[in-house]
Amino acid sequence: MRSSRIVQLADLLEQEIRHSKLQPGDPYLSTDDAASKLHVSTQAANNALRVLVKRGVIQRRRRIGTYIARLPDETPLSALQRVHLVVHENYLRQEGLLGDGLMLGLQGELPGSQLQFNFTPPHDGHEFANRLIADALRTDGAEGFVLVRAPLAVQRIIASSGLPAVVFGSLQPSVQSLPWIDRDQRQIGGLLGSHLLACGCRQIAALFRAELAPGDFITLDQILAVAGAGGIKPSDFTMRALPADLEAIKHAVLPVLIEGRRPLGLFCRSHLLAEGAMQAGELAGLQPGRDFELVVADVYRKSSDPPPPYAYARSTVDAEQIGHHIGRMLAQQARGEPVAPGHELLPVALELPHV
């Protein structure tokens, strides 16, 4: 288990506040001072300070500055002592988790909770999930879980534990008791499939991750429905499920690009798949926008990142708001309140590349 980078930095600043014996009302570090103390960028330092604001430790006022609001040990605890984010390590490292915004939103709803990552094993998750539950039940404080692309065994075992938990993504069909929040996968398939048709594509190749989740099937069904309504025959539809490895993606997509009809439409589940497809296009001497069109379903980017060179499905709810949604669902369960509704679909919009 380990905390996210933003939470680690915020924890370091809290330790510094304790050791320096600062009192409520005392001035505190500016963003530049915090960046210098932590040896990080000003953006990272600013986000760490924002976590402390969410926790109620400091306040930041325009033209006044930053000052201590209350001592860290006096911060009112939320209903949950710790929240485990259960996620596949490759997914977190290569695709991200909506950046720091998700952490800020969670911390805003659960100011006294520790946020820790727990990485699911590549195979059988039974032992992993049972160990998580046993550890959570041994502690004095209440603990909760956020499950991101968690396999069936993990969802089922945590659901049966009765502990507060929210699935960030699509719920497994056989697990009915967990609240969940996800982008509208049907809308994603419809928007991106329609865009490929509007670009004149008469053949579509869908590239998915090696491990398909329930949301993938919803998206795929909608792409097929849109493609069929647009006159694309089943023989002109190709699907590949590929590992999270750029070389493997590139060489798997290369023959699809070479043999496909022009312009070929490429639906990519993740930006990693899109990057591999773009490299395959370069290798084949093909030009995006002329020889093939590329759209991406899952793009997690910071506001400071340059816009991607392809169309993608953008959530109309930002990462921090999503974190607040998830935190509220966890807090309701921790207080013994029913979560109503038990799920939430987040709308998406089509974001076109900047020309």
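Scroll up a little and you will see the structure.
Along each chain, numbering runs from 1 in the same order as the chain's sequence is written. Predicted model: local features are reported for residues with pLDDT of at least 70 only, side-chain atom pairs are reported and counted for 80 or more only, and whole-chain, interface and lining totals are derived from all residues. The side-chain quantities take in all heavy atoms of the structure and omit both hydrogens and water.

### Some thoughts on the sheet that holds strand 6 (residues 165–168)
Then comes step 1: With parallel pairing, six strands are arranged side by side in an open sheet as 4-3-5-6-7-13. Edge strands, defined here as strands with exactly one partner in the open sheet, are strand 4 (114–120) and strand 13 (343–346). Here the average twist between neighbouring strands, direction ignored, is 20°.
Then comes step 2: Sheet topology note: the strand 3 (residues 82–88)/strand 4 ladder contains seven bridges and is parallel. Paired with H84 across the strands is Q116, a residue of strand 4. Two strands qualify as a pair provided that DSSP identifies no fewer than 2 bridges between them. Elements are defined by DSSP. Helices are runs of H or I of four residues or more, strands are runs of E of two residues or more, and each kind is numbered from the N terminus. Fitted lines through C-alpha atoms give the axes, limited to the stretch in contact for helices. The angle between two N-to-C directions lies from 0 to 180 degrees.

### Quick look at the sheet that holds strand 14 (residues 348–351)
Sheet strands pair by backbone hydrogen bonding; their relative direction is either parallel or antiparallel.
Then comes step 1: Taken in spatial order, the six strands line up as 9-8-10-11-12-14 in an open sheet, and their pairing is mixed. Each end of this open sheet is capped by a strand with a single partner; those strands are strand 9 (237–242) and strand 14. When the angles between neighbouring strand axes are averaged without regard to direction, this sheet yields 20°.
Then comes step 2: Pairing of strand 8 (residues 203–209) with strand 10 (residues 264–270) involves five bridges; the strand directions are parallel. By the bridge assignment, I204 is partnered in strand 10 with G265.

### Section: unusual backbone geometry
Then comes step 1: In this chain, R262 is followed by P263 through a cis amide linkage whose omega measures -10°.
Then comes step 2: Backbone geometry at K21 places phi at a positive 60°, although glycine is not the residue there.
Then comes step 3: Residue placement: K21 occurs in the loop between helix 1 (5–20) and helix 2 (31–38).
Then comes step 4: Three exposure classes are used, based on accessible area relative to the maximum for each residue type with a 1.4 Å probe and protein chains only: buried under 20%, partly exposed in between, and exposed over 50%. Residue classification places K21 among the exposed positions, given a relative accessible area of 66%.
Then comes step 5: Located in the positive-phi region is R149, a residue other than glycine, with phi close to 50°.
Then comes step 6: With respect to the helices, strands and loops of the structure, R149 is situated in the loop between strand 5 (143–148) and helix 7 (152–161).

### Concerning the side chain of H325
Then comes step 1: As for its placement among the helices and strands, H325 is situated in helix 12 (residues 319–334).
Then comes step 2: For H325, a relative accessible area of 19% corresponds to the buried category.
Then comes step 3: Pairing of N or O atoms within 3.5 Å defines a polar contact, subject to two protein rules: one partner must be a possible hydrogen donor and the other a possible acceptor, and residues neighboring in sequence count only if both atoms are side-chain atoms. Among the polar contacts made by the side chain of H325, one reaches the side chain of R328 at a distance of 3.1 Å.

### Considerations on the pairing of strand 12 (residues 311–315)
Within a regular strand, side chains alternate between the sheet's two faces.
Then comes step 1: Summarising burial for strand 12: four of the five residues are buried, a large majority.
Then comes step 2: Where strand 11 (residues 292–298) meets strand 12, two bridges bridge the pair, whose relative direction is parallel. Paired with V296 across the two strands is Y312, which belongs to strand 12.
Then comes step 3: When strand 12 meets strand 14, the two strands line up antiparallel, connected through four bridges. If you follow Y312 over to strand 14, its bridge partner there is E351.

In short, shape yes, function no, at least from these values alone.
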